[in-house]
Amino acid sequence: MTSLPAREPGAKKLGLVIDLDTCVGCHACAVSCKQWNDGGHSAPLPDYDPYGARPDGVWFNRIHTYETSGGAAGDGAAGRTVHFPRSCLHCDEPACVTVCPTGASYKRAEDGIVLVNADLCIGCKLCSWACPYGAREFDEDERVMKKCTLCIDRIYNETIPESERVPACVATCPAHARHFGDLGDPTSAVSKLVQSRGGFDLMPEMGYRPVNKYLPPRRNACTAAPLAERPALPGSVAERLLSWLDRALSL
Amino acid sequence: MPSETIALSSPIGDTVKTTTCYMCACRCGIRVHLKEGRLRYIEGNPDHPINRGVLCGKGSAGIMQHYSPARLRAPLLRVGERGAGEFKEIGWDEALALAGGWLGEIRRTDPRKLAFFTGRDQSQALTGLWAKEFGTPNFAAHGGFCSVNMAAAGLYSVGGSFWEFGEPDWEHTKLFLLFGVAEDHDSNPIKIGLSKLKERGVRIISINPVRTGYSAIADEWIGLRPGTDGLFILSLIHLLLAAEVADLAFLARYTNAGWLVLRDPAGPSDGLFARDEAGQPLVWDHRTDAPLAASHPEAAPRLAGEVRLADGSRAVPAFQLLAERCLDPAYTPEAVAERCGVAPERIRRLAAEIAAAAAEPVLLAEPWTDTTGRRHATMPGRPVAMHAMRGISAHSNGFHTCRALHILQMLLGAIDTPGSWRYKAPYPRPTPPHAPPGGKDARPGHALAAMPLGTPAGPADLMVDESGTPLRIDHAFSWEAPLALHGMLHTVIANAVAADPYPIDTLFLYMANMAWNSSPEPAETSRLLTEKNPATGEYRIPHLIYVDAFFSETVAYADLVLPDTTYLERFDCISLLDRPIGSADGPADAIRQPVLAPDRDVRPFQDVLIDLGARLGLPAFTRDDGSPAFTGYADYIVHHQRKPGIGPLAGWRGDGTDCGRGAPNPHQLERYIENGCFWHHELPPAARYFKYANRDYLEAATALGLLDRPDPITLQLYAEPLQRFRLAGLGHGTVLPPPALRERVVRFHDPLPFWHPPLEQEVAGAEEFPLSAITQRPMPMYHSWGSQNAWLRQILADNYLYMARETAASLGLADGDWVNVISRSGRVSGRLRIMEGVNPKTVWTWNAIGKRAGAWMLAPDAPESRQGFLLNHVIATFLPENQSRRLPSSDPVTGQAAWFDVVVRIEKAAAAMRESEPRAAPLRPPPGLSIPARRLGA
Amino acid sequence: MTPALSVIFFTTASGAGYGLLILAGLLAPFGLTPANRWFGLAAVLLALFLASAGLVASTLHLGHPERAWRAVSQWRSSWLSREGLAALLTYPPAFGFLAAWFLARGPSAPMAACGVLAAALAAVTVFCTAMIYASLRPVRQWRHVLVAPNFFLLAGFSGALWLAFLSRTFHAASVLPSALALFFGLSALAVKLAYWRAIDRSKGESTIETATGLGRLGRVRSLETPHTEENYLLREMGFRIARKHANRLRFLAVLVGFALPIVLTAAGLACSPAPALIIALVAAMLALIGIFIERWLFFAEATHTVVLYYGRPA
C-alpha cells in the first residue's frame, strides 16, 4: 500500500543520526552496507563491469566529500572538508512511496522504515525520480528498484546478539559517527543527540520530513592566552637558563 | 495488498570463524561468516582489543579480495624473456626443487649472493630468522622505504615510536596534535580514539599539508609545506623555551637532559657523555654541587651551567645544548614562517595552546612506585598528546624531524603520562638500543651469529669493510645510512645490477611490488630487472623468485613465481617478536587461522619458507637428524623458541596457564581460536603509565619476557650514538667514513635535532621546481592492494592531481585539465583537480591507484591505467652523482626513502592528451587467469 | 533527467490520441463533426490507436512489463497509477461511443453520453500524465504550474490537427477543427514560451548548501564523489544538455511543432480540398515530430536535486 500508514505522534521512527563532525570519510559504512545487503534481504547488490573500464554497482550508502569555504573562494584555511555519507533518510513524507503505482514501495507502520517489495516492483523508476536525495538504486540485472532497508534483517534478527542488532553501517563505523535509534521517541539517545547537537534535515524545503538527521561539524576554538615570552635578556643562553632554573628551584 | 513477508531472523551464515584481518597493517579481529562454503560476511570482532567490533571499508571488502580473479593459481616458471609475462604452470615439487637448487648453490658458495627482501610482511620474525640461518646479511622488509625515520628516531629517543607502537591517551588528553599526511597505520584505533576526543570536545589540531581524512575533522588545520615539519616543531620548542615552559622535573628525572656532555672541541670525546669509572653517565647534582652517577637514586641533576670535572674536562648538561640549539634565531616563528607556509601568529598561538594545556596536569588517583623505590600517591600527567603519520617521516630530514617531535614531548613531560602519548606494550625498550646488525661473519654454509637487522650504537657496529665500503647489497648500516634499521629495499635492485658492492645471484622478493608502486622510478626499476650482462648474455640479477598471492606488476619480471594464499586461507601470527598489537594497557598478540581451504594450487609463503629452510638444511629449520624441524608455519608458531620460554605467541604457554614466558604448548593455537584468535594481557593500573621508570611495569614486562631486565629506561633528549658517528666523520676512532662521505656524516649526524631543507630540494632548485609533490593513501584502500577489489575500485578507479585554487589560478590551470608533473628525474601526466584545503606550494594525489595496464586482472582499458597515474615516476632513487659517488635520495641517517622530498613543476599538457602517461605495454596475464565477464553479486 | 524515449513517445502519441478522443467525444454528439459512421470509426480508432501505441510503448520503459497490470492498484496515492487506471477506464466508453456512432449513424443520446464520458476520462488521463511530472518536487522544471496546461493544450492541438485531417479526408470542411487547432496551437506555444522563460529564470530553492545542510559553514563545493565512475543516479538523473544545444532544439521544436503546423493549418483553410488534405496531414505529422522534440527537451532540460550532491546545478 503506497498510501502512507496513519501514524500517531510519537510512533516509532527508526533512523540514523550521522555525525558530520566525526566522520573521517573512510567508506567503512558504505562497504559494510554493500557486504551485508549483498547477501541480505535485498540480495544481490550487483556490480557492473567489476574489473573493466566502468566499474559501477548498486550501493545503498555513498560517501561524498565537500569543501566549505569560510568566506571568500580560495580561503583554504578558514574552510573545512566535510565527509558526507548519503543514504535513504526514511522520510515521514516519502514521495518515493506515494508515487509507486504498484504498492511495491511502502513505509512500514510499525517502525517507519521505507522498503521496496521487489516482487511487486515493475521497475518504472518513478520512485527514484521522486526521491530528492538519490536514495533509490536500480538493480539493472533484476530490473527492480532497491534501497537501504535500515538492515531490517539485522535489527530484528534474533540469531545475532542483541547488542549487535543495529544496521551494518552503524556497527562497523570506526569513528562512531553513525547512531541508530528511535527518532520518534523524544527521550531516546538519538533524539537527545539531535536535540543537543542541533541535528538538521537535508533539504527541509522539499517537505519530505526526513527521519535521519545529520549533526553539523563543529569547531572548538582555541581559548589559550598568548604565551608570555620572556624579553630577550642580555647574556648567553646558559645565563638565561640558569636564571630560569634558579627561579624554578626556588619555587 | 498483502504486505511483504520479510525473513527478519535469517542466520547470517552456517559457520562463523574468528581470525585477523589483513586488508592493511592494522590487524583487526574479525568474525568471518560462511554460507555453504562461501564467504558471506566479514565483521569486526567486538571482543578484539584493536578494533572492538568496528571494521573499516577495506576489512569489509575482504570478500572481494579473497575472490579476486587476480589470485595466482599455481607456481609459475618463466618461459619467455623477463617482463614478457610468458609463463608455464609447474607443480610445487618442481618449483621447490628449482628454488632449492639455486639457493643451495648460493649457500654453499657465497650466501651474500641471496638478497631476500620482503614487502609489507607481518612475519619478519620468521623471515629475518630464515635470512640469518641462511647466512645472508642481505635481508630486510619494506620499512626502509616506509617508516624507518619514525622508528629509528623513536627507538633512539624514547625507546618506542608512533604508529602502532604507541597511542595517545584518548581518555585523558586535552589537546591532540596530529602530524603528517597519510591516514595510515593503526587506522581503526585512531578513528576510535578520535571519536572519543570528539565526545569529550577535546581540540584536535592537524599539522598536515592536506586537509582530508582525519584532518577534515580537526578543529584546526595547519597546512604546512611538506618537509618543514621539523622546522615548525623546532620553532614551537623555541617559543616554549623562550617562554620558560618546560617540565624541568620530568626532564631531570626521566630524560638525559641533565647528563653532562663533554666539551672537548676537536677532541675525540667531544660531545660524548662524561662517565664515571663504571661507565655510568654523570650528572651535576645541584644539592651536593658535585658530579654523581645519573643512575643514582638521589641524583638531582642541574640542567644548565658548564662544569669542570675532576680530570679537568669541561662539560655541560645536555639540556643546555638543546636550549642553545633551539633558541637560535633560525627557529623564531618569523624565521620559519615562509618556508613552512604558516604565519608566525599561528605558530605562536599553537605554542601558547600547547603550554596552556600542559599547564593543567591531569591527576590520576593511582599510586605507583618508581624505579628508585619512591612511592607516588598519584599519577600526574601533561594532557598534550601527539601522533605522527608517514608524512613527517618520508623525507631526507625525517629522522631529525621525528626526533624533534619526541623532544617536544619530553620538554612538556608528555610521554607515557596520563593525557599524553603512551607506549603500547612491548614498548618502551631500552634506549639507545644496541644490537649490532649481523652479517659481517657471512661465510659459505653457515648461519649468521646475529639477525641481519639491528640497532648500531656507533661506527664499530656498521656493516662496512676497512675501506668503509658497504657490506650489504642495499648499503644499509653503511656510512650512507648508519641507522638503516629496516634496510633499504629501494636501492636493492639498482645496486645489485651495478654489482655495488658485489653482484648477487638470486633476488627473493615477497609481497614487494618493486616493478610498480613499491619503487621510485618504476620504469627504470623494471628495465634494470631485465638488464643483461652483454658479455655473458645473462641477466644482471640471474634469478628472481617472487612470492605474491596476486598478479601484481612484478610477477611479469620473475623467473619463478611462488603463489601465496589469501589471508583467509592460512595460519599467521601477529607476534610480540615482530609488529605487535598491544595497547598501552597491556601486551597482546594474535593469530590468523584458515577459514577456507585454498581452491588453487597455492601454499602459504611461510610454509614454503619453512619447507625451503629444511631442504637447505638451515639449522633452525632442521632437526639433528636432518629432518624438517617443523611441519609448517602453524607448527613453527607453537614450537619455535626465540629464547628459552619465549616464542612467537605469548598467550597460553606451558600448560596453558603461563603467559609471556613458558614452554611451548602443543594446544596453544586451539586456545587462541577459542579466545577469538587473540591474546590480551591487562597490566595492573599501577603499571600503566611512566613505564620507563615504573617499577611495577618494568618487573611485569620482564616477567612477561618483553624486557630482559627491569632497569629504568632514560629518555634520550641528546642522542649520543649520532655523536659517535659524527666524531668518526671528524676523523676520530678506527672505523672511519670514506673521505668523500665525511662531510656528510658530520653534517647530518647531529646528537640534537636540527632542520635542513629536504635534499631533493637542495639539488633540484626552487626556481625550476617550485612545488612539493606528495601522495596519500586513500582510507578505503591503503595497504590493501585495492585496485583488484571489485568493491573498493568502484570507490577510486582513477586519481587526480590536487592543487590549491590560488596556485592553479597563478598557473592558468582549470579543474579537469591534463597536466604534466615534471621533476628533475621524470614526468608523469594526469588530470588536475582544484581544492581549497591544500598547502599552496604542494600538489598531491592518491597513492598507487594508477596501475600498469593488464596487471591485477583489470581490463586493459581500466581507468586505473587509462587515467590513473603513479607519482613514483617522478621520484628519483638516487641523488645526482657527486664525485662519482651515487647516494640514495634518502635520509642520510636512516636511509629512509625520501618519497615526499620530490619537487616538481606543473605544466598544462598538450590539448590532445586523453590518457595518463607514461604508458607501458599492457601485461599479459599468467596462464589460467581471466577476467570474469559476469556481474558479481551474491 | 535522461530523456526516456519510450516515455516521450508515449506522452506524445497518447496526448494526440486523447486529444482527438476528447474533441471527437465532445463535438460529434452535437453534430460538430461529419456524422459519417466511417468518419466516426476512423476518428475513434485513430484516437485509440495513438493512445494505445503510447501505452504499449510506455511499458517498454519498465523493468518488468509483465507486471504492468499491478500499476493500477495504487490510484489513491500515485498519479502513475491513476493515469493507468484512467487510461483503461477510457476504453469502454470510447468503444461505446464508437459503437453508438457507427450503429446509430448519427448523434444519439447513448453516443453523447459515451462521447462525453470518454472525453472526460481521456482528459483525466492527460491530466494524470501531466501530474506524474508536475508532482515531483525534486525536479523543479517539472513541478511547475504550466506543465499541466502544456500537456492539455498540446493534446488538444495535436488532436485538433488530426481531426482536421480526418475531416478533410471525408471531404468535409475543417473550419472548426482547424480553428481549434489554431487556438490550441497558439495557446500551447504561448504557454511553452512562458514555461521556458520561467525555468530559465528561476533557480531551484534547493542548493548544494541545503542538500548537504552545510550552508551554515559557507559556500559548499564537491571535492570527491563517492565513486569515480558514473552510477545509476547520474545516468538516470544526471543528464546534461548544453545551453546552445538546448536553444537549437527549442527553435526546432517551435518551428516544427508549432509554427509550421499553425501556418499550414491557417493556409489550409484557404486552399482547395485536395492540397488542404495534404497540408492537414503534413501539419499533423509535423506537430507530432515537434512535440516529440519538445518532450525530449522537457526531460533533457529538467534537473533533479540529486545532482546537487555531485556538485552540479539543479
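*Asks:* Even after reading the chapter, I still don't get the overall build of chain B, so can you show me in this structure?
*Replies:* Secondary structure assignment for chain B yields 26 helices and 34 strands. What you see for chain B is a C-alpha radius of gyration of 27 Å, in line with the 30 Å of a compact globule of 938 residues. Based on the C-alpha atoms only, the size of chain B along its principal axes is roughly 85 × 80 × 70 Å. Here chain B, with 938 residues, has 69% of them falling under the buried criterion. For chain B, the proportion of contacts with a sequence separation of at least 24, taken over those separated by at least 6, is 70%. When the accessible surface of chain B is split by element, carbon and sulfur atoms take 51% of a total near 27800 Å². Positive and negative charge centroids in chain B, built from 94 and 103 side chains respectively, lie 3 Å apart.

*Asks:* Explain the state of the cysteines to me, please; I cannot follow it from the model alone.
*Replies:* Simply put, disulfide is the name for a covalent bond between the sulfur atoms of two cysteines. Residues and elements named next belong to chain A. Evaluation of the coordinates by the stated rule reveals zero disulfides over all chains. Free of any disulfide, Cys121 has its nearest cysteine sulfur in Cys127, 6.4 Å distant. Here Cys127 stays free of any disulfide, with the sulfur of Cys124 as its closest cysteine sulfur at 6.2 Å.

*Asks:* Which parts of the structure should I look at to understand the pattern of salt bridges?
*Replies:* Any two side chains of opposite charge can pair, so long as their charged atoms come close to each other. Inspection of every chain in the model, using the stated rule, returns 88 salt bridges over all chains. Notably, a salt bridge pairs B:Glu244 with A:Arg247, separated by 2.7 Å at the nearest N-O pair. Placement of B:Glu244 in the loop between helix 8 (229–242) and helix 9 (248–254) and of A:Arg247 in helix 7 (residues 237–250) is noted, with the two residues assigned to different chains. Salt-bridge contacts for C:Arg221 lead to B:Glu836; the nearest nitrogen and oxygen are separated by 3.5 Å. Taken together, the positions of C:Arg221 in strand 1 (residues 219–224) and B:Glu836 in the loop between strand 32 (827–835) and strand 33 (842–846) put the pair across two chains. For the pair C:Arg221 and B:Glu836, one class covers both residues: buried. Taken together, the shared-partner salt bridges connect A:Glu67, B:Arg211, B:Arg805, B:Glu836 and C:Arg221 into one network.

*Asks:* How do you make sense of the packing of aromatic side chains when you look at a structure like this?
*Replies:* Where two aromatic rings form a pair, the distance of their centres and the angle of their planes describe that pair. Within this structure, the stated rule accounts for 60 aromatic pairs over all chains. A ring pair is formed by A:Tyr133 and A:Tyr208, whose centres lie 6.3 Å apart and whose planes are at 90°; its orientation type is edge-to-face. Here A:Tyr133, found in the loop between helix 3 (126–130) and strand 8 (136–139), pairs with A:Tyr208, found in the loop between helix 6 (189–197) and strand 11 (213–215); they are 75 residues apart in sequence, far enough to count as distant. Its relative accessible area of 2% is what places A:Tyr133 among the buried residues. Given a relative accessible area of 5%, A:Tyr208 falls into the buried group. Measuring from ring centre to ring centre gives 6.3 Å for A:Phe200 and A:Tyr214, while their planes differ by 25°; the resulting arrangement is stacked. Linking A:Phe200 in the loop between helix 6 and strand 11 with A:Tyr214 in strand 11, this pair joins segments that are 14 residues apart in sequence. Exposure class is identical for A:Phe200 and A:Tyr214. Each is buried. Following the ring pairs from residue to residue traces out a cluster consisting of B:Phe162, B:Phe250, B:Tyr254, B:Trp368, B:Trp421, B:Tyr423, B:Phe690 and B:Tyr692. The ring of B:Tyr800 carries the charged tip of B:Arg831 above its face, separated from the ring centre by 4.3 Å.

*Asks:* Please clarify how the sheet that holds strand 24 (residues 543–548) of chain B should be interpreted in this entry.
*Replies:* What links the strands of a sheet is backbone hydrogen bonding, and the strands pair in either a parallel or an antiparallel sense. Residues and elements named next belong to chain B. Pairing is mixed across the open sheet formed by seven strands, whose spatial order is 5-4-25-24-23-6-7. Of all strands in the sheet, those bounded by a partner on one side alone are strand 5 (87–89) and strand 7 (139–140). With four bridges joining them, strand 24 and strand 25 (residues 560–563) adopt parallel strand pairing. Within the sheet, the bridge partner assigned to Tyr546 lies in strand 25 and is Val561.

*Asks:* Please explain helix 7 of chain A as it appears in this structure.
*Replies:* Side chains of residues three or four places apart in an α-helix project in the same direction, reflecting 3.6 residues per turn. Residue and element names in this part refer to chain A. Over its 14 residues, helix 7 runs 20 Å from end to end, which matches the ideal 20 Å to within 8%, given 1.5 Å per residue. For helix 7, the full list of buried residues reads Val237, Ala238, Arg240, Leu241, Trp244 and Leu245. For helix 7, the angular spread of the buried residues around the axis is 160°, confining them to a single face.

*Asks:* Please explain a nonpolar patch on the surface as it appears in this structure.
*Replies:* Residue and element names in this part refer to chain C. Taken together, the side chains of Leu26, Phe30, Leu32, Val116 and Leu176 present a nonpolar region at the surface, about 420 Å² in accessible area. Mapping Val116 onto the fold places it in helix 4 (residues 109–134). On the basis of relative accessible area, Val116 is assigned to the partly exposed category, the value being 35%.

*Asks:* Any chance you could explain the sheet that holds strand 10 (residues 203–207) of chain B here in plain terms?
*Replies:* Residues and elements named next belong to chain B. With parallel pairing, four strands are arranged side by side in an open sheet as 11-10-9-21. Sheet topology places strand 11 (220–222) and strand 21 (384–388) at the edges, where each strand pairs with a single neighbour. Recorded for the sheet is a direction-independent mean angle of 15° between the axes of neighbouring strands. The sheet strands contacting helix 6 (residues 187–200) are strand 9 (175–179), strand 10 and strand 21, and the helix crosses strand 10 at an angle near 135°.

*Asks:* Sorry if this is basic, but what is going on with the packing of helix 8 of chain B against helix 10 (residues 318–326) of chain B here?
*Replies:* Residues and elements named next belong to chain B. Direction vectors running N to C along helix 8 and helix 10 enclose 110°, while the axes themselves pass 9 Å from each other. As summarised for this structure, helix 8 and helix 10 are arranged roughly perpendicular, according to the angle between their axes. Here helix 8 and helix 10 pass one another in a crossing that is left-handed. Where helix 8 approaches helix 10, its residues Leu234, Ile237, His238 and Leu241 are matched on the opposing element by Phe319, Ala323 and Cys326. Its residues placed into classes, the contact of helix 8 with helix 10 shows six nonpolar, one polar and no charged.

*Asks:* What exactly am I supposed to notice about the domain arrangement of chain B here?
*Replies:* Where the parts come together, the accessible area they lose is often given as the size of the interface. Residues and elements named next belong to chain B. Taken domain by domain, chain B comprises domain 1 (76–146 + 436–563), domain 2 (162–426 + 717–748) and domain 3 (759–908). The centre of domain 1, based on its C-alpha atoms, is set 27 Å off from the matching centre of domain 3. Domain 1 puts 31 residues into the contact, and the matching count from domain 3 is 32 residues. For the pairing of domain 1 and domain 3, the buried interface totals around 2800 Å² over both sides, and the portion due to carbon and sulfur atoms is 56%.

*Asks:* Explain the interface of chain A and chain B here, please?
*Replies:* On the side of chain B, 99 residues touch chain A, which itself brings 88 residues to the contact. Of the roughly 7400 Å² buried between chain A and chain B, counting both surfaces, carbon and sulfur atoms make up 58%. The tally of links between chain A and chain B comes to five salt bridges. Put simply, chain A and chain B have 35 residue pairs in polar contact (both at pLDDT 80 or more) between them.

*Asks:* Just checking my understanding: could you explain the nonpolar core for this structure?
*Replies:* Within soluble globular proteins, side chains that are nonpolar tend to cluster in buried spots. Ranked by size, the top nonpolar core spans 449 residues in total, and within it B:Trp130, B:Phe232, B:Phe319, B:Phe508 and C:Trp142 carry the most contacts. Among the elements that line this core, the one with the most residues is helix 5 (residues 147–169) of chain C, at 13 residues. Apart from the residues lying within four places of it in its own chain, the contact partners of B:Phe319 are A:Leu241, A:Trp244, B:Leu241, B:Leu248, B:Leu251, B:Ala257, B:Leu303, B:Leu411 and B:Leu717. Among the nonpolar cores identified, the runner-up in size contains 17 residues, and B:Trp170, B:Tyr214, B:Ile217 and B:Ala218 belong to it.

Reading guide: rules and limits
Each chain has its residues counted from 1, following the order in which its sequence is written. Chains and ligands are labelled sequentially in the order written, the chains with letters from A and the ligands with numbers from 1. Reporting of local features is limited, given that this is a predicted model, to residues whose pLDDT is at least 70; pairs of side-chain atoms are given and counted only at 80 or more, and all residues count toward the totals for whole chains, interfaces and linings. For side-chain calculations, the full set of non-hydrogen atoms in the structure is used, while hydrogens and water are omitted. Each helix is a run of H or I in the DSSP string that is no shorter than four residues. Each strand is a run of E no shorter than two, and both are numbered from the N terminus. Here the radius of gyration uses the C-alpha set of atoms, whereas the globule reference equals 2.2 Å times the residue count to the power 0.38. Burial status follows relative accessibility: with a 1.4 Å probe on protein chains alone, a residue under 20% of its type maximum counts as buried, one over 50% as exposed, and anything between as partly exposed. Note on definitions: a residue-residue contact is assigned when non-hydrogen atoms from the two residues lie within 4.5 Å. Here the Shrake-Rupley method, with its probe set to 1.4 Å, supplies the accessible areas, and only the displayed protein chains count as covering residues. As used throughout, the charge tally considers Lys and Arg to be positive and Asp and Glu to be negative, leaving His and the chain termini uncounted. The location of each charge is read from NZ of Lys, CZ of Arg, CG of Asp or CD of Glu. Cysteine sulfurs are considered disulfide-paired once they come within 2.5 Å of each other. Within this document, salt bridges are pairs made up of a side-chain nitrogen of Lys or Arg and a carboxyl oxygen of Asp or Glu, the two lying within 4 Å of each other. By convention, a stacked pair of Phe, Tyr or Trp rings (six-membered ring in the case of Trp) has centres within 6.5 Å and planes under 30 degrees apart, an edge-to-face pair has planes over 60 apart, and any other such pair is tilted. Remark: a charge is flagged as sitting over a ring if the NZ atom of Lys or the CZ atom of Arg is within 6 Å of the ring centre and within 35 degrees of the ring normal. When DSSP locates at least two bridges between a pair of strands, those strands are taken to pair. To estimate the expected span of a helix, count its residues, drop one, and scale the result by 1.5 Å. The arc in question is traced by the directions running from the helix axis to the C-beta atoms. Within the patch definition used here, like charges are joined within 9 Å and nonpolar side chains (Val, Leu, Ile, Met, Phe, Trp, Tyr) within 5 Å, considering only residues with over 30% relative accessible area and no salt bridge. In this analysis an axis means a line fitted to C-alpha atoms, helices contributing only their contacting stretch, and an angle means the value between N-to-C directions, from 0 to 180 degrees. The scheme is simple: roughly parallel for angles under 35 degrees, roughly antiparallel for over 145, roughly perpendicular for 65 to 115, oblique for anything else. By definition, any crossing whose near helix is turned counterclockwise from its far helix by less than a right angle is left-handed, and any crossing with a clockwise turn is right-handed. Side-chain classes follow a simple rule in which Ala, Val, Leu, Ile, Met, Phe, Trp, Tyr, Cys and Pro form the nonpolar group, Asp, Glu, Lys and Arg form the charged group, and the remainder, Gly included, forms the polar group. Here the bounds of each domain stem from an automatic or database domain assignment. When two parts are brought into contact, each loses some accessible area as probed by a 1.4 Å sphere; the total of that loss over both is the buried area. A 3.5 Å cut-off defines polar contacts: any pair of N or O atoms within that distance qualifies, except that in protein one atom must be a possible hydrogen donor and the other a possible acceptor, and neighbouring residues in sequence count only when both atoms are side-chain atoms. Residues belong to one nonpolar core when they are buried, are Ala, Val, Leu, Ile, Met, Phe, Trp, Tyr or Cys, and are joined through side-chain atoms within 4.5 Å.

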